[in-house]
Amino acid sequence: MSEVRKFTKRLSKPGTAAELRQSVSEAVRSSFVLEKTKVVEPLDYENVILQRRVQIYSDPLRDLLIFPIEDVSISIIGRQRRTLQSTVPEDALKKAQSLFVKECIKTYSSDWYVVNYKYEEYSGDFRMLPCKSFRPDKIPSHVFEIDEDFEKDEDSSSLCSQKGGVIKQGWLHKANINSTITVTMKVFKRRYFYLSQLTDGSYILNSYKDEKISKESKGCIFLDACNDVVQCPKMRRYAFELKTIDKYSHYLAAETEQEMEEWLVTLRKIIQSNTESLVQEKKDAVESVQDDESSTQGKSENILESLERSMHPELMKYGRETDQLNKLSRNDGRQNIFSFDPEVQRLDFSGIEPDVKPFEEKCSRRFVVCCQDFSLNLLAQLSDTAEEGPTNVEPFFLSLALFDLKNNCKISADFHVDLNPPSVRDMLLDNSEPRTEGTQGHCPVQSLVHGIPESCLRYIKWGVFSVTNPHTEIFLVARVEKVLQGSIAHCVEPYMKNSDPGKTAQKVHKVAKQVCSRLGQYRMPFGWAARPVFKDSQGTLDANGKFSPLYKQDSGKLSNEDMLKLLAEYKKPEKTKLQVIPAQLNIVIKDIPLDFTNCFTASFIPIKPFGKGCEDIAVEVEELVPEVAKYCYPFTVYKNHLYVYPLHLKYENQKVFAKARNIAVCLEFRDSDEVDAKPLKCIYGKPGGPLLTTNAYAAVLHHNQSPEFYDEIKIELPIHLHQKHHLLFTFYHVSCEISTKATSKKQDTVETQVGYAWVPLLKDGRIATLERHLPVSSNLPPGYLGLGDTESRKQSSMDAKWVDGAKPLFKIRIHLDSTIYTQDMHLHKFFHYCQLVQAGAKEVPGELVKYLKCLHAMEIQVMIQFLPVILMQLFRVLTNVTQEDEVAVNCTMVLLHIVSTCHEEGLDHYLRSFIKYVFRAEKPSAKQVKMTHEILVLSMATILKQSADFLAINKLLKYSWFFFEALAKSMAMYLLEENKIKLPRGQRFPESYQHALHSLLLAIIPHVTIRYNEIPEESRNVNFSLANFLKRCLTFMDRGFVFNLINDYISGFSPKDPKLLVEYKFEFLQTVCNHEHYIPLNLPMTFSKPKLQRVQDINLEYSLTDEYCRHHFLVGMLLREASVALQDNYDIRYTAISVLKNLLIKHAFDNRYQHKNQQAKIAQLYLPLFGVLLENLQRVAGHEALTSCPVSSPASRDEFICSFPSPSSRSSLIADKDPACGAALPNGHAIKREDSKGSLNLEGATSSLDQCENIRRSSMRSSVSHCSRLDQFEIRTLLMCYLYIVKMISEDTLLAYWNKFSPQELINVLVLLEVCLFHFRYVGKRNIASSCMRAPGPGERRLAVSPPASCRVHDAWLSKHTAADRKSQTMPALRSRAGVRLQHLGSLETSFTLNHNAGTSEADIVHQALLEGNIATEVCLTVLDTISFFTQSFKTQLLSNDGHNPLMKKVFDIHLAFLKSGQSEAALKHVFASLRAFISKFPSAFFKGRVNMCAALCYEILKCCTSKVSSTRNEASALLYLLMRNNFEFTKRRTFLRTHLQIIIAVSQLIADVALSGGTRFQDSLLIINNFANSDRPMKQDHHLLRQVMLQM
């Protein structure tokens, strides 16, 4: 006690509560030992289905017992290409010699191999089911009295429902008659009267203070009780008297004579019609009495038969009611209760893995650049046709590229454009052969490029650019070149002058013609312009942006680095340093249209769709992506380009050549260094020329001995590269002198060779792409490639003349853009060694291991780019391992390194694509070698058992999904390709593989159960991936063996495990139980036993016995674990309950099992859940539902104690309500009454509860004992599962289950039903809104994560359901517990349907109310179904002692609970039908012996007679009449005194309780009862008795 006091004393200190709660929780938990679930050996599944084959196949529901055939298959999916044909050349595989190149080509040209699981959509949780109609298309809207407008007057609703509406209205004066006042003293008061017709055809005269009927009525006169109306001028002027049948009169007076006449005419017509109908009724009554006397002679008449002879249609309908018809009526339009579950309603797909897509080409931000026109200020009419108009006087050439100023680099290849008109292009036709090749069309056969005429590709003006990382500092730069003429300044000058442009144009054109004819193939820089591309980093195009002015190109600032500096200068305001050339550059940037056609890739392969015409051809421009892992992607198409960039030539110190100033660099690609070797035609040409040519020239700088270059030369590399492939650079001095007198001989000396440089493409078998500094030779000796290194240059035997002492004078840069060649040394060596081994070379021990270990140093971007190729080769090596375990382990370690790297870079989706579409387990080359899955399992187990390398172990655990997925696919392909799938499951895999799997499982268990705290992420991942793998194994392997694996794994957990491990356990179970054939795995069939054993084991199949858990292994294990978890703390309980609920939701919506018999069989599997709930009945019922106050006068009430079995002992619970506790009205109001009877306290708002709540909140979660209460979310979830099973299970099964129980246990079953009504009662929109809008109270934490809406709403309901009506809101509202619960839900998946912190809109509240209303209605109907069936099944027991027994009392309490809990209008119709049947079946319980049941029923019915809902009043009135009618028949038509007295007592009690509001509505109900009596033949003779009762009421 001292410790407790110390604890509670310290609670007042701020900041210590959380710490103390945690410490006490741990202390209590450590001292409390949970009973460990018993390990049950699963059945030998394959043997059982073989032995019971006949039973299974003869079962009409065999679909629930048998796995479907062809469950798994392999499909070969054609690779989806965006190009018209494959990017891989047709003969590529024949030409390829390198293993790496061959494997790349195979990868890009092969189809996808996918293992299809026919029912895979059913293998996840319910959100993955193919039927997405979890929610009804239109949610029914139910009417609840609590939602009716509380300010609306009772009479307005009455008037709205009247049959004929208002017939007449107006002002009248009414006399107040009192026995103490004489006739002469009558006092008249002015009132406004409404004459209306009611639903039953009768008439009523209501009076009000004024015309507004929204106020309370001051009185009413029923005209069917009146027999005459006469004038009485002595009383008052214009007065008249309404005489009634019982000699009573009403005196009224009009204000004018005309008004009086109108009222008299109207009233007389009504009274006359009433009199005529009364005469006819009396005549009929006499006949009916005679008939009754004759028909009833010698036999007693059944009440239902009697009702059928009634003249009232409603009574006749009631007379035809049967239990079966009532049941059918209830089943009409029913909803799935899970449709309104919060998780189903929000359908959050965030936790579900997205669909795995195959590898695709990188999809960057793409846009199109349309080049339309370029013109300067010197224009002239060069063409004879007027259509062309004035044009530039000389040709200009554009090259466009993207520059990234932020990252200081060029990010695209060059896009060359020729915008010159035909008349200007003609100036170049007399040029030398390199320029005219293919332009004249001398060849009669036009060459085609992939089926497209090459001529269509000569003048492309549309370029498609792509940018991976868009931002505002990306610029499109246009460089302008012209034909070589002289210095840049000299050539620009005429365009910058303003004097006499016409004359200048002619002069410039004349010179240009001479220059073009002589130097047409040479280019020189002219100017540049730039513009921004994007508005923001989201990739929004700056479509309205314009190019800068055309700036003169500075001859000293030509390189890309200089261009980036110029762009930075251009961005600044002070741009005056740059010289502007007047020009107009019309280039448009726009998004790619949806109907974009006629586009080529950068390799000039046509892209789908491609039209037939050659107009508006576009070409993609290659993006130069930085070599960073996050921008890399696995290659999927063949591409083999080399970009060469000549950068700088230092020739200022050379002494070999006399003239070397206007230096042109010519590049060729050769495959030999012999004398007669020819260049290869593989260099992409410029516009106007052929697509591929043999050489390319860089732009020439005039009079510059040390020129810089900015040109980009693109080469299509051959498939096979060898040591002789090289780049050859030839340097020329170009003579720019133009002399008209020069002879033709002099004209030929345009070029003078001034040196050679070369560079082999391969170095150590790989393409070297770094910047290279090359020496220049003045000649080209045979075999010059041998002079590549420094040593060979020094040898005098070689005939090479080096310029400037063989110094590195020429600087170049090479960029490889290839998907078949790698520059990574380690990857190259690995594949090279594998190729040698394949070719038959002898394996050197340890050599392969060395190369495998070196792969750990492979560059990340290379690893990602060639991911499918590398992974497939590693699996190939793994499969072909002979006896060397070290190779297999190291191979697996490399796989692990690649997998972990991809995850670290956030690129694990590529791994998923690889496994699903690319990975294919190949057959080993040697027969004795094991399959891929066999070796991989052994390697994984070996790594996990190595205690030294914890880093590798942790990675393998963390990324185990990859290896398990590979195992599963390998197993599937092995079974299908080897046709092993047709073998019995036990023979499909060798025993050694099963043993290896078991060893792997045992190796994993300690890492999960022991190291979980050290490696939480790793242990969680391997737990989940192992569960998925075992789920797959249930499809492939011996299911009994897999059950044993699952059993062994679960046995590794302990009841003393911390919360994290319990979560692992349930996550594992949930994953396995989500198997697509979970139902057949549980074998929902009867396992017959010998007779002796059957008698001994009476609980078989109904409780969690060992036999049940053995026969229905998965569901048995899940229910056992859930049962134990319910005794633990909140988080663990929440996890277990959620797993169970999600599984049942999946069953409910699984479209394979929608037939009611299938659903019944599935529900039967979960029958032991009933026992679990009954064991925890006190906790499931909840504190509010089962609160009992001290009994003040035991003799004044019926006491009944019902027992609740618990795991340890049976504790008693008072199930009857205490007299001091309040009873709830149907609209949710609470009223105090002394003799209210019922089993549940629906008020829940007493001060003692306030105290209990505060105490509970202050010490919440400080104790985790067996008796720790469940919260609303847990209770509602468990009950929802229970209701689903009760609804779906067959009646035979349910009856057999009930028959096992003792009477006391049966009562507990009924209490559980009553608890369902309590916890799912509807509390109205106002309470839902207030609970949603309520801010956290003092002491409660406001956190970002909210608990499930249902949890918050219903926690608030418990405290606020008494505060619906402002008139009766007399008790303080309890504080919601939601805020306290938040901290424990932070780590769990929660519902965000409604959020305290977020603004909750009115639409959200209306929707939430709609859901809650539907849940309440469905729960009501389900309980009604169950209690009706129970009543039919146990009629004999219920009738014992004339119905005065505990069982009958509990059944009756449930029927009363329907009326007390405020059901919907639709539900109440069925409730009243059941009550009618109940009264008819058990009249003795109401009309014989004790009056308790009759009194309680009268009280509740009378409350319903004042309902604001007209249909409820009508039903209640009918029920009250039928109660009297049954009483009348029970006494053999002598009297209904008991009902009469109880009604009078109940009315008095209602008045005392201030509960009889709505006087007019009550009067309406009395009229309806009277109407029933008037139309009911057997009651005609006792009509005066009924009238007497009504008058007293």
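Residues numbered from 1 in each chain as written. Predicted model: local features only at pLDDT ≥ 70, side-chain atom pairs only at ≥ 80, totals over all residues. Heavy atoms only, no water.

## Some words on a nonpolar patch on the surface
For step 1, the next point in the chain: A grouping of Leu1537, Leu1541 and Ile1545 is seen on the molecular surface, where their side chains present a nonpolar patch of about 270 Å² in accessible area.
For step 2, the next point in the chain: Of note, Ile1545 is situated in helix H55 (residues 1537–1552). (Patch = residues over 30% accessible without salt bridge, like charges linked within 9 Å, V, L, I, M, F, W, Y side chains within 5 Å. Areas by Shrake-Rupley, 256 points an atom, 1.4 Å probe, with all protein chains shown as cover. Salt bridge = Lys/Arg side-chain N within 4 Å of Asp/Glu carboxyl O. Helix = DSSP H or I, 4+ residues; strand = E, 2+ residues; numbered from the N terminus.)

## What to know about the pairing of strand S19 (residues 474–483)
For step 1, the next point in the chain: Of all 10 residues in S19, 10 are buried; the element is thus mostly enclosed.
For step 2, the next point in the chain: Where strand S13 (residues 396–404) lies against S19, 9 bridges are found, and the strand directions are antiparallel. What sits directly across from Asp404, in S19, is Ile474.
For step 3, the next point in the chain: Sheet topology places S19 next to strand S20 (residues 523–532); 9 bridges connect them, and they run antiparallel. Its bridge partner being in S20, Arg479 is matched across the sheet by Trp528. (Buried < 20%, exposed > 50% of the residue type's maximum accessible area, 1.4 Å probe, protein only. Pairing = 2+ DSSP bridges.)

## Let's talk about the sheet that holds strand S25 (residues 606–607)
Paired through backbone hydrogen bonds, the strands of a sheet run either parallel or antiparallel to each other.
For step 1, the next point in the chain: If you walk across this open sheet you meet the 6 strands as S23-S10-S18-S26-S24-S25, and the pairing is mixed. Only two strands of the sheet have a single partner each, and these edge strands are strand S23 (583–591) and S25.
For step 2, the next point in the chain: In terms of strand pairing, strand S24 (residues 599–600) meets strand S26 (residues 618–620) through 2 bridges, oriented parallel. In the strand pairing of S26, Cys599 is matched with Ala618.

## Here's the deal with the pattern of salt bridges
For step 1, the next point in the chain: The final tally for this structure, using the stated rule, is 54 salt bridges.
For step 2, the next point in the chain: The partner of Lys958 in a salt bridge is Glu1017, and the shortest N-O contact between them spans 3.5 Å. Linking Lys958 in helix H27 (residues 950–958) with Glu1017 in helix H30 (residues 1016–1036), this pair joins segments that are 59 residues apart in sequence.
For step 3, the next point in the chain: Assessed through its relative accessible area of 21%, Lys958 is described here as partly exposed.

## A closer look at the environment of Ala505
For step 1, the next point in the chain: Here Ala505 lies in helix H16 (residues 501–519).
For step 2, the next point in the chain: Judged by relative accessible area, which is 1%, Ala505 ranks as buried.
For step 3, the next point in the chain: For the pair formed by Ala505 and Asn392, sequence separation is 113 residues and the distance between their alpha carbons is 8.6 Å.
For step 4, the next point in the chain: If we skip the residues at most four places from it in the chain, Ala505 touches Leu378, Leu379 and Val393. (Contact = heavy atoms within 4.5 Å.)

## Overview of the state of the cysteines
For step 1, the next point in the chain: Across all of its chains, the model carries 0 disulfides by this definition.
For step 2, the next point in the chain: Of all cysteine sulfurs in the structure, the one in Cys736 sits closest to Cys491, which takes part in no disulfide; the separation is 8.9 Å.
For step 3, the next point in the chain: On the basis of relative accessibility, which here comes to 3%, the residue Cys491 falls in the buried class.
For step 4, the next point in the chain: Cys891 supplies the cysteine sulfur nearest to Cys834, a cysteine that is in no disulfide, at a spacing of 8.7 Å. (Disulfide = S-S within 2.5 Å.)

## Re helix H17 (residues 560–571)
For step 1, the next point in the chain: For H17, spanning 12 residues, the distance from its first C-alpha to its last is 17 Å, which sits close to the expected 16 Å at 1.5 Å a residue.
For step 2, the next point in the chain: Packed against the buried residues of H17 are S13, strand S14 (409–410), S19, S20, strand S21 (550–552) and strand S38 (808–818). (Expected span 1.5 Å × (residues − 1).)

## Structural notes on the confidence of the model for the protein chain
For step 1, the next point in the chain: The predicted model of the protein chain has a mean per-residue pLDDT of 79, with 78% of residues at 70 or higher.
For step 2, the next point in the chain: The low-confidence segment residues 1–18 (pLDDT under 50) makes 8 contacts with residues lying over four places distant or belonging to another chain.
For step 3, the next point in the chain: Low confidence marks residues 150–163, where pLDDT is under 50. Its contacts with residues over four positions away, or in another chain, come to 44 contacts. (pLDDT = per-residue confidence, 0-100.)

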